[in-house]
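Observations on the three-dimensional arrangement
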Amino acid sequence: MPGIPSRHKSIFLLTGVVLLQVLLLALQIKRDSEGRLIRVWTVGAFSPFERAGNHGIGHLRETWRHYFALQNASRENEQLRHENDELKMQVNQLQSKAIEADRLALLLNFHKSHENVPMLGARVIATSAGTASATIMLDRGSKDHIKKNMGVITPEGVVGKVVEVYDSTSEVLLLTDKDSGVGAMLSSSRKQSPVGGAGEPLLVMKYVANDDTVNIGEHVVTSGMDKIFPRDLPIGTITDIKPGNPFKSIRIRPSADLERLEEVIVLLTLQPLQMNLEPETGKPSASVATKPAGETAKPSASAASKPAGEAVKSRTSGAAAKPAPATVTAAPVPASENAAAAVKPE
Amino acid sequence: MNDAFDIRNMESHIEVHKFRGGAIVGATLLALMFQAFVPVYFAKAAMIDLPLLITIYFGLSRRNPSTGLLLGMVIGLLQDSLSGPTVPLGLYGIAKTVIGYLASSIGARLDTEHPAARFALTIIFFGLHQGIVLLTRRILLAQSSVWFTMHLAAAAVVNAIVAVFLFALLDHLRKS
């Protein structure tokens, strides 16, 4: 062996011979789970380098990607930010549309479940400018056959009544306005008493005697006595009861969210109506369930019994309110000329 | 064998022995045959490792590490081959290669002709041989083995005693 001192030759030879035999051993031994020992050793010997190489290459690649290959990153970042803004806007629009679709679906369902009642969907386009009154402006007016004192509702409950009508818009006095009122009754005891606004979010039921039994949580529904709203439309839920002289002071949380109205339904008749409240209409069903069976068994009148001028076909705004064939029912009660006075409890 | 001459020059008082033709081969084959067949009839004879003693003797006598380790390798591999399928080729080969190298290296530096020295060296080499075999079993073959038993200690002594007489016998194979 040239280049190796002769005294070390035997050491090299020993090393070589021993390694050769170790290799020979490795070729023969087969471990149960790992295959031949030579393979285990080879893998064991190479895998650290492979791992190290992989790790190093990974680092290099990451370094290159994150620190050196940034020529277009700024432009790309700007583009992505712009794209992100657009997508956020789209998401917001879609969410808003989805919420609107839900609301319109609710209106449509309500309309379908009361196909006989002439009603018109309308959008809220404005609210009262000051806090002295609680009114909203609708995008429907006399052109759409809306008349003064017509009732305005949502599927959740009573909203108010039309107080001013213009060509293409109309103004609605909300139930929460202190000058507003609606004929009402307790859903369980059927005790009647008008409910009015107090210039605050809660409504007030004024004429319930101290002797009468009233419970917190009890539902209040329309009585139909104001000749504006049909019977048993939900008005609200009693939240507070205080004894007074001579009447109890009862506060009611409105069923309809009067502070967030976007679409409403205008009842296109001044005839007293008998609503056909069915379970699928949601909240109204609760009040229906409390109604004695006998009271709902009034004979329904045909559409022909309506005065011609009032027999307005159902019309709706937007996709929510499609015209639907009427199947029910204006109760055979003559229209009251001073309906507004009937609503006012005082 | 330049190595042998180098050693002889450095350690002029240590003699390098040469053997009659066929002595190493014959002794090796006889030792392997004894190791393979005698224990069949005398089980206790299995504790005597004649191939190891031959490796030690020729290593100490030839005093050439290269030939010593090669002789140890050959004897070891032959012993592996005769030990059945459970002993992989290389188990005794590695051990006897190392022993052959060490015996040759020591023989080149120390006087190993005295029976006491031979006795002591045989015990040491036997222990070393067992240690290498055990390490090989544990590390390379993943087999469990005990480090020390009284049987091994007794075997070391028996082999050392046998070595004293065997080496004296083998001395007659040297060229005068």
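The structure presented is a predicted model; accordingly, all values stated were derived computationally and were not measured. (Residues numbered from 1 in each chain as written. Chains lettered and ligands numbered in written order. Predicted model: local features only at pLDDT ≥ 70, side-chain atom pairs only at ≥ 80, totals over all residues.)

1. Some words on the overall build of chain B
A tally of regular secondary structure across chain B gives seven helices and zero strands. When the helices and strands of chain B are listed from N to C terminus, the series reads α-α-α-α-α-α-α. The buried share among the 176 residues of chain B stands at 41%. The contacts of chain B with a sequence gap of at least 6 include a subset with a gap of at least 24, amounting to 71%. (Helix = DSSP H or I, 4+ residues; strand = E, 2+ residues; numbered from the N terminus. Buried ≥ 20, exposed ≤ 12 C-beta atoms within 10 Å, placed from the backbone. Contact = placed C-beta atoms within 7 Å.)

2. Considering the overall build of chain A
Check the secondary structure of chain A and you find five helices and 15 strands. Pairs at least 24 apart in sequence give 64% of the contacts found in chain A among residues at least 6 apart.

3. What about the sheet that holds strand β14 (residues 249–254) of chain A?
Residues and elements named next belong to chain A. Here seven strands make up an open sheet; going across it, the order is β8-β10-β11-β14-β13-β12-β9 and the pairing antiparallel. Edge positions in the sheet fall to β8 (181–182) and β9 (184–186), since each of these pairs with one other strand and no more. Direction of pairing for strand β10 (residues 195–197) relative to strand β11 (residues 203–205): antiparallel, over a ladder of three bridges. Paired with Gly197 across the bridge in β11 is Leu203. (Pairing = 2+ DSSP bridges.)

4. Re the interface of chain B and chain A
Contacts between chain B and chain A engage 19 residues on the former and 14 residues on the latter. Where the side of chain B that touches chain A is concerned, the elements lending two or more residues are α1 (2–10), α4 (65–82) and α5 (91–107) of chain B. Ranked by residues supplied to the side of chain B that touches chain A, first place goes to α5(B) with six residues. Among the residues forming the side of chain B that touches chain A, the class breakdown is twelve nonpolar, five polar and two charged. (Nonpolar A, V, L, I, M, F, W, Y, C, P; charged D, E, K, R; others polar.)

5. Some thoughts on helix α7 (residues 150–170) of chain B
Residues and elements named next belong to chain B. Compared with the 30 Å implied by 1.5 Å per residue over 21 residues, the 29 Å span of α7 between its first and last C-alpha is a close match. The principal kink in α7, of about 25 degrees, is found at Ala163. The inward-facing, buried residues of α7 contact α2 (23–41), α3 (50–62) and α6 (115–140). (Expected span 1.5 Å × (residues − 1). Bend = angle between axes of the 7 residues up to and from the residue.)

6. What to know about the sheet that holds strand β6 (residues 157–165) of chain A
Residues and elements named next belong to chain A. The strand order around the closed barrel formed by six strands is β3-β4-β7-β6-β5-β15, and the pairing between neighbours is antiparallel. Across this sheet, the average inter-strand angle for adjacent strands is 45 degrees, counted without regard to direction. Strands β3 (119–127) and β15 (263–267) of the sheet are contacted by helix α3 (residues 73–113), whose axis makes an angle of about 20 degrees with β15. (Axes fitted to C-alpha atoms, helices over the stretch in contact; angles between N-to-C directions.)

7. Regarding α5(B)
Spanning 17 residues, α5(B) covers 24 Å between terminal C-alpha atoms, matching the ideal 24 Å at 1.5 Å per step. Among the 17 residues that make up α5(B), 17 are buried, leaving the element largely enclosed by the rest of the structure.

8. With respect to the packing of α6(B) against α7(B)
Residues and elements named next belong to chain B. Remark: α6 packs on α7, axes separated minimally by 8 Å, with the N-to-C direction vectors making an angle of 135 degrees. It follows from the interaxial angle that α6 and α7 lie oblique. Between α6 and α7 lies a crossing whose hand is right-handed. For the pair formed by α6 and α7, the contact residues are Pro115, Arg118, Phe119, Thr122, Ile123, Phe126, Gly127 and Gln130 on the first element and Leu152, Ala156, Val157, Asn159, Ala160, Ala163, Val164 and Phe167 on the second. Broken down by class, the residue content of the contact of α6 with α7 amounts to eleven nonpolar, four polar and one charged. (Parallel < 35°, antiparallel > 145°, perpendicular 65-115°, else oblique. Left-handed = near helix turned anticlockwise from the far one by under 90°.)

9. Observations concerning the pairing of strand β13 (residues 234–242) of chain A
All names here are of chain A. Judged from the three bridges that link them, strand β12 (residues 219–222) and β13 form a sheet pairing that is antiparallel. Across the sheet, the residue bridging to Val220 is Gly236, located in β13. When β13 meets β14, the two strands line up antiparallel, connected through six bridges. Note on β14: the bridge partner recorded for Thr237 is Arg253.

10. Here's the deal with the nonpolar core
Judged by nonpolar contacts, the single largest core of 50 residues is most densely connected at A:Val158, A:Val159, A:Val172, A:Val195, A:Val220, A:Val264 and A:Val266. Looking at this core, the element that brings in the most residues is β6(A), giving five residues. Residue contacts for A:Val195: discarding those within four places in its chain leaves A:Gly181, A:Val182, A:Ala184, A:Leu203, A:Val204, A:Met205, A:Val220, A:Ile235 and A:Ile252. The next biggest cluster of nonpolar side chains, apart from the first, holds 42 residues, and it includes B:Leu52, B:Leu71, B:Tyr92 and B:Phe126. (Core = buried A, V, L, I, M, F, W, Y, C linked by C-beta atoms within 7 Å.)

11. What about unusual backbone geometry?
Between A:Asn245 and A:Pro246 the backbone carries a cis peptide bond, its omega angle lying at 0 degrees. Inspection of the secondary structure puts A:Pro246 in the loop between β13 and β14. The phi dihedral of A:Asn149 falls on the positive side, at around 75 degrees, and the residue is not glycine. Turning to its location among the elements, A:Asn149 is positioned in the loop between β4 (135–138) and β5 (151–154). The exposure class of A:Asn149 is buried, given the 22 C-beta atoms found within 10 Å. Unusually for a residue other than glycine, B:Arg63 sits at a positive phi of about 60 degrees. Position of B:Arg63 among the secondary structure elements: in the loop between α3 and α4.

12. So, the confidence of the model for chain A
Confidence along chain A averages 73 in pLDDT terms, with 70% of residues attaining 70 or more. Low pLDDT, under 50, characterises residues 278–346 of chain A; the predicted model gives this stretch 136 contacts beyond four residues in sequence or across chains. (pLDDT = per-residue confidence, 0-100.)

13. Describing the pairing of β15(A)
Residue and element names in this part refer to chain A. Here β15 lies mainly inside the structure; five of its five residues are buried. Here β15 shows a buried face lined by Glu263, Ile265 and Leu267 and a second buried face lined by Val264 and Val266. The pairing of β5 with β15 spans two bridges and is classified as antiparallel. From the neighbouring strand, Val152 faces β15, where its bridge partner is Val266.

14. Thoughts on the packing of α3(B) against α7(B)
Residue and element names in this part refer to chain B. At their nearest, the axes of α3 and α7 sit 10 Å apart, and the two run at 50 degrees to each other. With respect to each other, α3 and α7 are oriented oblique. Once α3 is placed against α7, the crossing between them reads as right-handed. On α7, the residues that touch Leu53, Ile56 and Tyr57 of α3 are Asn159, Val162, Ala163, Leu166, Phe167 and Leu170. For the contact of α3 with α7, the per-class residue count stands at eight nonpolar, one polar and no charged.

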